[in-house]
Amino acid sequence: MEWLRKALIAMSAVGFLASAGGLVLVIAGADELEEAARSEIVPRVEAKIRDLTTVEPAKGDGKLAALRSKLVEKAREAADRMLGADFPDRIRTQIAELCVCRMSEAERQDRMRRYDEARASLKAKFEAALSGNLSELKFEEGMLGALIGGYYVNTIHGLQRELTIFFGLNLVLFALVGGASIVGAASRGLLLPAGALFAGTVWAGYLFIFERNWLTKIVLNDWTGYGHLILVGIISAYLLYLARLTMLARRAGVPAES
């Protein structure tokens with residue numbers, strides 16, 4: 001088992017250094033990270049704003065449903081006029097002027113406060129429009145900018161937070177694997193759990209990067225956060241269970257079940 005111990009020490013060291021490098025890039029390269037994500041975020045911001053200004057027609061039949069459907073259609077037409085044909089261009093222009101990486105925490109919180117207020121105000125306007133008061137359906141000064149800026153700021157901040165958690169957790173996990181492997185010279189019983197933890201960390205990291213389509217999910221605010229640690233735990237426990245099952249089967253002289 002000495003070969004396994006040495007292999008785990010070497011691989012955990014590589015994983016630790018890679019995670020440390022990723023953490024440094026996220027923190028020190030916040031400008032580059034934001035710039036790389038900007039082109040992906042712009043169409044998502046547009047989709048989010050359109051979602052906020054879209055009302056589903058009433059379901060079912062009857063006069064009330066028909067009346068609501070007519071009001072919904074008029075509200076949609078009013079929302080399209082409210083947004084304007086140059087709406088996508090205005091989004092790109094405003095986002096190009098924003099840099100979350102240079103914002104203070106107070107500035108970010110202020111953006112989010114204005115975003116929440118704008119959303120609440122927009123919801124109230126649509127409720128008034130669907131009650132027949134279509135004249136209420138118009139943007140107040142700064143409302144569209146608050147919606148665009150708030151969603152963009154929240155998305156970029158979430159991206160930075162997600163990657164910081166991901167690399168930070170992996171940094172700790174690889175350190176645990178390395179430490180257990182070093183101690184494993186005196187306590188061989190630690191090597192199997194350390195190996196399972198290493199494999200679980202690598203497997204979960206692969207899923208995070210290559211299988212989640214993580215940037216799109218982050219843009220859509222589908223955060224993983226510390227759920228990554230739960231996934232590592234589940235995979236590691238499963239691999240450890242399989243390893244012990246295989247060892248018991250070999251001792252008993254029967255093939256292991258998958």
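In this text the structure is predicted, and so the values were computed from the model without any measurement. (Residues numbered from 1 in each chain as written. Predicted model: local features only at pLDDT ≥ 70, side-chain atom pairs only at ≥ 80, totals over all residues. Heavy atoms only, no water.)

Peer 1: Is there a simple way to explain the pattern of salt bridges in this structure?
Peer 2: A side chain of one charge can pair with a side chain of the opposite charge if their charged atoms are brought near each other. Considering all chains together, one arrives at twelve salt bridges under this definition. In this structure, E117 engages R113 in a salt bridge whose closest nitrogen and oxygen atoms are separated by 3.0 Å. Of this pair, E117 and R113 both sit in helix α5 (residues 105-129), four residues apart, which is roughly one turn of the helix. Given a relative accessible area of 44%, E117 falls into the partly exposed group. Classification of R113 by relative accessible area gives partly exposed; the value is 40%. Among the salt bridges present, the one from D116 reaches R119, with a minimum N-O distance of 3.5 Å. Of this pair, D116 and R119 both sit in helix α5, three residues apart, roughly one helical turn. The exposure class assigned to R119 is partly exposed, which follows from its relative accessible area of 35%. Overlapping salt bridges, with partners in common, bring together D110, R113, R114 and E117 in one network. (Salt bridge = Lys/Arg side-chain N within 4 Å of Asp/Glu carboxyl O. Helix = DSSP H or I, 4+ residues; strand = E, 2+ residues; numbered from the N terminus. Buried < 20%, exposed > 50% of the residue type's maximum accessible area, 1.4 Å probe, protein only.)

Peer 1: When you look at the packing of helix α6 (residues 143-183) against helix α9 (residues 227-252) in this model, what are you seeing that I'm missing?
Peer 2: The relative placement of two packed helices comes down to the angle between their axes together with the axis-to-axis distance. For the pair α6 and α9, interaxial distance at closest approach is 9 Å and the crossing angle is 40 degrees. Classed by the angle they form, the pair α6 and α9 counts as oblique. The residues of α9 that touch α6, namely those facing F166, L169, N170 and L173, are H228, L229 and V232. Of the residues that constitute the contact of α6 with α9, the class distribution is five nonpolar, two polar and no charged. (Axes fitted to C-alpha atoms, helices over the stretch in contact; angles between N-to-C directions. Parallel < 35°, antiparallel > 145°, perpendicular 65-115°, else oblique. Contact = heavy atoms within 4.5 Å. Nonpolar A, V, L, I, M, F, W, Y, C, P; charged D, E, K, R; others polar.)

Peer 1: Sorry, what's going on with the nonpolar core here?
Peer 2: Nonpolar side chains in soluble globular proteins tend to be buried together. V45, I49 and I148 are the most contacted members of the largest nonpolar core, which has 38 residues in total. Put simply, the parts of the chain that give this core at least two residues each are α1 (2-28), α2 (30-52), α3 (63-83), α4 (87-96), α5 and α6. Sort the elements by how many residues they give to this core and α6 lands first, with 14 residues. Non-local contacts of I148, meaning those with residues more than four positions away in its chain, are made with V45, I49, F87, I91, Q94 and I95. Core analysis: the second largest hydrophobic core is formed by 13 residues, L8, V177, A180 and A204 among them. (Core = buried A, V, L, I, M, F, W, Y, C linked by side-chain atoms within 4.5 Å.)

Peer 1: Explanation requested: α9 in the structure shown.
Peer 2: The periodicity of an α-helix, 3.6 residues per turn, causes residues three or four positions apart to be oriented the same way. Here α9 spans 37 Å end to end across 26 residues, near enough to the 38 Å set by a 1.5 Å rise per residue. Where α9 is concerned, the buried positions are H228, V232, I235, S236 and A249. (Expected span 1.5 Å × (residues − 1).)

Peer 1: Sorry, what's going on with the layout of surface pockets here?
Peer 2: Approximately 230 Å³ is the volume attributed to the largest pocket. If you trace the largest pocket, you find 15 residues lining it, with S19, F166, N170, F174 and G205 closest to the centre. Of all the elements in the fold, those that place two or more residues in the lining of the largest pocket are α1, α6 and α7 (191-211). It is α7 that contributes the most residues to the lining of the largest pocket, six residues altogether. Looking at the lining of the largest pocket residue by residue, the classes come out as ten nonpolar, five polar and no charged. Put simply, the second largest pocket is a space of about 200 Å³. Considering the residues around the second largest pocket, the lining is formed by 13 residues, among which A30, H157, Q160, R161 and T164 are closest to the centre. Secondary structure elements with two or more residues in the lining of the second largest pocket: α1, α5 and α6. Broken down by element, the residue count for the lining of the second largest pocket peaks at four residues, all from α6. (1 Å grid on protein atoms, 1.4 Å probe; cavity = no way out; pocket = protein on both sides within 12 Å on 5 of 7 lines; lining within 4 Å. Points joined across faces, edges and corners; volume = space filled by probe spheres on them.)

Peer 1: Mind showing me how you'd approach the confidence of the model for the protein here?
Peer 2: As a note on interpretation, predicted positions should not be read in detail where pLDDT is low. Of the residues in the protein, 84% have a pLDDT of 70 or more, and the chain-wide mean is 81. By mean pLDDT, the top-scoring element of the protein is α1 (91), and the lowest-scoring one is helix α8 (residues 214-219) (53). (pLDDT = per-residue confidence, 0-100.)

Peer 1: So what exactly am I meant to see when it comes to the packing of aromatic side chains here?
Peer 2: Each aromatic ring pair is summarised here by two numbers: the centre-to-centre distance and the angle between the ring planes. Across all of its chains, the model carries three aromatic pairs by this definition. On the basis of an interplanar angle of 65 degrees and a centroid distance of 5.2 Å, the ring pair of F166 and F167 is categorised as edge-to-face. Across this residue pair, the class does not change: F166 and F167 are buried. Seen from their ring centres, F166 and F208 are 4.1 Å apart, and the 10 degrees between their planes marks the pair as stacked. One end of the pair, F166, is in helix α6; the other, F208, is in helix α7, with 42 residues separating them in the sequence. Cluster of aromatic residues (ring-pair linked, three or more members): F166, F167 and F208. (Phe/Tyr/Trp six-rings, centres within 6.5 Å; stacked < 30°, edge-to-face > 60°.)

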